[in-house]
Amino acid sequence: MWRDALLMAGKDLRVEARSRVAIGQVAPFAVIVLVLFAFALDPSRGILVKAAAGLFWVAVLFSALLTVQRSFAIEAADGARDGLRLSGLDPAGIFLGKALAVAAELFVLEIVLGAGVVVLYNAPIHGYLLLLATCVVATVGMASAGTIYGGLAVGLRVRETLLPLLTLPVLAPVLLAATEASQAALDGVPGQGVAWLRLLGVFAAIYLTFGVLAFGSLLEES
Amino acid sequence: MTRTALLSRFLGVATLLAVIAAVIQGLVIMGPTIEQHEYSRLLVVHPPLAAVTFVAFGVTALASLLYLIPRTRRREWDQLAGASAEIGVVLCALTLVTGSIWGRPTWGVWWTWDARITTEALLLALFLGYLALRRIPSDVEVRSRRCAIAALIAAADMPVVHYATSWWQTLHQANFRLLQPDKQLDPPQLLGMMLGFLAVVLLYGWLLIHRFQVEQLEERLDREGLAQALTERRAEGLMPPVPAEAGSR
């Protein structure tokens, strides 16, 4: 399973490295979202700094939707899904690999966005350890839940509109917990963020398990 | 009369009686309370709706699980899951509406970001997504399997949201206004709420039977409609060729 997962993740990341969609389109999109927040919330009133954690995670959430769409768009083209089914790879491995690739892309994106928040919003950064842990765990949760839904929506005619409708409510707890944990880190009270970090961990564990168990039955169909 | 029809007739009559009893108890016999005034009458409607919402979504999750397990896979489980989810969404929306009506005079706002309200709204959004997925034209088997997984994800999210609210409570004590220490209800209020429960549960059962049957009929229509169209097209192929003068017009 793990070998298949690494194969799959390597394949997805190689496709990404060659096509540059994540770097060329998703990352600029996320930065534009940050800039738009600044237009919407007057930067001179100091709201941006106070809301920086929440705005950061909303931008990540939107980008996660695009990344998941992209991750399954490459499987939809040229009957790649049939190839995947015939490849004999473990479905659980395929799920883990795709989730891992999405998580890796999102993690790079979070670094870009974090720099954007510091530069554009003048937000001071504290509590690096908690921030890093939050980013890792929240990203794993987002990627695994997103990958399950990506697999659900793949091949349907209305997937572009369906995916956000299905995914956003499920990811709402991640947004809440990640925002609270990052806010605690930025406020210099990391102790308050630990409970939220635990919630993120529970979320990631539930959806990783779920994906490992359910992805096979998503793939085997026509 | 078949057994299902008999059951649905019986449930329908019982529902009607329970609703009438709940209305009389709630509007006539129950008086306004000192703390809540006239709004205490919502006790007959709101908690029963909220509870049966969870029953409905629970049935959806269970039926979806049974559908996913190959040994127990039957079309009926998928149809039951869809029927129950649809009723659950209506009940969930009504829970939010009645809660909002109560919140406006009591808290002064239609909506507040209280943990439990937010949870309920998320639940509604999750199952609206599930219903949207059910409506997508696709192969029946494929759709059913995807829907079953979506229902289980929505159900799996319920405990996460539940923990979120309890942690939220420890961090934002002041936000959590719904959970008050258990207060004794006066007997008329308690009876009103019980009648409300009975009415909503019976209503759910009655609606479920009918929605389930509609679901089965829809599938039959799809199947037999396709078969009929095929027969018609075949018959066209077998018809004598059109006379030349009619064809050259």
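Definitions and limits used
- Residues numbered from 1 in each chain as written.
- Chains lettered and ligands numbered in written order.
- Predicted model: local features only at pLDDT ≥ 70, side-chain atom pairs only at ≥ 80, totals over all residues.
- Heavy atoms only, no water.
- pLDDT = per-residue confidence, 0-100.
- Helix = DSSP H or I, 4+ residues; strand = E, 2+ residues; numbered from the N terminus.
- Contact = heavy atoms within 4.5 Å.
- Salt bridge = Lys/Arg side-chain N within 4 Å of Asp/Glu carboxyl O.
- Buried < 20%, exposed > 50% of the residue type's maximum accessible area, 1.4 Å probe, protein only.
- Buried area = accessible area lost by both parts, 1.4 Å probe.
- Polar contact = N/O pair within 3.5 Å; in protein donor to acceptor, adjacent residues only side chain to side chain.
- Nonpolar A, V, L, I, M, F, W, Y, C, P; charged D, E, K, R; others polar.
- Patch = residues over 30% accessible without salt bridge, like charges linked within 9 Å, V, L, I, M, F, W, Y side chains within 5 Å.
- Areas by Shrake-Rupley, 256 points an atom, 1.4 Å probe, with all protein chains shown as cover.
- Axes fitted to C-alpha atoms, helices over the stretch in contact; angles between N-to-C directions.
- Parallel < 35°, antiparallel > 145°, perpendicular 65-115°, else oblique.
- Left-handed = near helix turned anticlockwise from the far one by under 90°.
- Phe/Tyr/Trp six-rings, centres within 6.5 Å; stacked < 30°, edge-to-face > 60°.

Chemist: Where do I start with the confidence of the model for chain B in this structure?
Modeler: Low pLDDT marks regions whose predicted coordinates should not be analysed in detail. All names here are of chain B. For chain B, mean pLDDT is 81; residues scoring 70 or higher make up 82% of the total. When pLDDT is averaged over each element of chain B, helix H2 (residues 46-68) comes out on top at 90 and helix H7 (residues 244-247) at the bottom at 53. Taken together, the stretch residues 170-181 has pLDDT below 50 and engages in 16 contacts with residues farther than four places along the chain or on a different chain. Interface confidence for the predicted complex, expressed as ipTM, amounts to 0.79; the pTM equals 0.81.

Chemist: Please explain the pattern of salt bridges as it appears in this structure.
Modeler: Where charged atoms from two side chains of opposite charge come close, those side chains can pair. Residues and elements named next belong to chain A. For the structure on display, the rule yields 16 salt bridges over all chains. One salt bridge in this structure joins Asp 12 and Lys 98, with 2.9 Å as the shortest N-O distance. With Asp 12 in helix H1 (residues 2-19) and Lys 98 in helix H5 (residues 91-121), this pair connects stretches of sequence that are 86 residues apart. For the pair Asp 12 and Lys 98, one class covers both residues: buried. Note that Glu 16 and Arg 70 form a salt bridge whose closest N and O atoms lie 3.6 Å from each other.

Chemist: I keep staring at the interface of chain A and chain B and nothing clicks. Help me out?
Modeler: The parts lose accessible area when they come together, and the size of an interface is often stated as this lost area. At the junction of the two partners, chain A supplies 34 residues and chain B supplies 29 residues. Note on chain A versus chain B: buried area summed over both sides is about 2,700 Å², and carbon and sulfur give 74% of it. The interface formed by chain A and chain B holds zero salt bridges in total. For the pair chain A and chain B, the number of links is three residue pairs in polar contact (both at pLDDT 80 or more). Contributing elements (two or more residues each) for the side of chain A that touches chain B: helix H6 (128-153), helix H7 (159-186) and helix H8 (194-219) of chain A. With 11 residues, the single largest contributor to the side of chain A that touches chain B is H8 of chain A. Class assignment of the residues belonging to the side of chain A that touches chain B gives a composition of 24 nonpolar, four polar and six charged.

Chemist: Explain a nonpolar patch on the surface to me, please; I cannot follow it from the model alone.
Modeler: Together, Val 13, Leu 16, Leu 17, Val 19, Ile 20, Val 23, Ile 24, Leu 27, Val 28 and Ile 29 of chain B make up a nonpolar patch on the protein surface, roughly 940 Å² of accessible area in all. Of note, Leu 17 of chain B is situated in helix H1 (residues 3-29).

Chemist: When you look at the side chain of Ser 182 of chain A in this model, what are you seeing that I'm missing?
Modeler: Residues and elements named next belong to chain A. Relative to the elements of secondary structure, Ser 182 occurs in helix H7. At 2.6 Å, the side chain of Ser 182 forms a polar contact with the backbone oxygen of Ala 178. When sequence neighbours within four positions are dropped, the list of residues in contact with Ser 182 reads Ala 53, Trp 57, Leu 131 and Thr 134.

Chemist: What am I meant to see in the environment of Gly 99 of chain B here?
Modeler: Residue and element names in this part refer to chain B. Tracing the chain through its elements places Gly 99 in helix H3 (residues 75-107). Classification of Gly 99 as partly exposed rests on a relative accessible area of 22%. In this structure, the C-alpha to C-alpha distance between Gly 99 and Pro 47, residues 52 residues apart in sequence, is 9.1 Å.

Chemist: Help me understand the environment of Ile 29 of chain B in this model?
Modeler: All names here are of chain B. Structurally, Ile 29 can be placed in helix H1. Take Ile 29: its relative accessible area is 53%, and that puts it in the exposed class. C-alpha of Ile 29 to C-alpha of Glu 86: the two residues are 57 residues apart in sequence and 33 Å apart in space.

Chemist: Is there a simple way to explain the side chain of Thr 167 of chain A in this structure?
Modeler: Residues and elements named next belong to chain A. Tracing the chain through its elements places Thr 167 in helix H7. Given a relative accessible area of 4%, Thr 167 falls into the buried group. Filtering out sequence-adjacent residues up to four positions away, Thr 167 remains in contact with Leu 65, Gly 146 and Tyr 149.

Chemist: Teacher, can you tell me more about the packing of H7 of chain A against H8 of chain A here?
Modeler: Helix packing for two helices is described by the angle between their axes and how far apart those axes are. Residue and element names in this part refer to chain A. Interaxial distance between H7 and H8 falls to 8 Å at its minimum, and their mutual angle equals 150 degrees. Judged on the interaxial angle alone, H8 and H7 are roughly antiparallel. Every pair of crossing elements has a handedness; the one defined by H7 and H8 is left-handed. Of the residues in H8, those touching H7 at Val 170, Leu 171, Pro 173, Val 174, Leu 176, Ala 177, Ala 178, Glu 180 and Ala 181 are Trp 196, Leu 199, Leu 200, Phe 203 and Tyr 207. Broken down by class, the residue content of the contact of H7 with H8 amounts to 13 nonpolar, no polar and one charged.

Chemist: Just checking my understanding: could you explain the packing of aromatic side chains for this structure?
Modeler: For any pair of aromatic rings, geometry is given as the distance between the ring centres together with the angle between the planes. Applying the stated criterion across every chain yields a total of five aromatic pairs over all chains. Where Phe 95 of chain A meets Phe 215 of chain A, the ring centres are 5.4 Å apart and the plane angle is 45 degrees; that geometry is what we call tilted. Taken as a pair, Phe 95 of chain A in helix H5 and Phe 215 of chain A in helix H8 lie far apart in primary sequence, 120 residues in all. By the burial criterion, Phe 95 of chain A is buried, and Phe 215 of chain A matches it. Taking the centre distance of 3.8 Å and the plane angle of 5 degrees together, the rings of Phe 57 of chain B and Phe 127 of chain B count as stacked. Taken as a pair, Phe 57 of chain B in helix H2 and Phe 127 of chain B in helix H4 (residues 115-134) lie far apart in primary sequence, 70 residues in all. By relative accessible area, Phe 57 of chain B is classed as buried at 1%.

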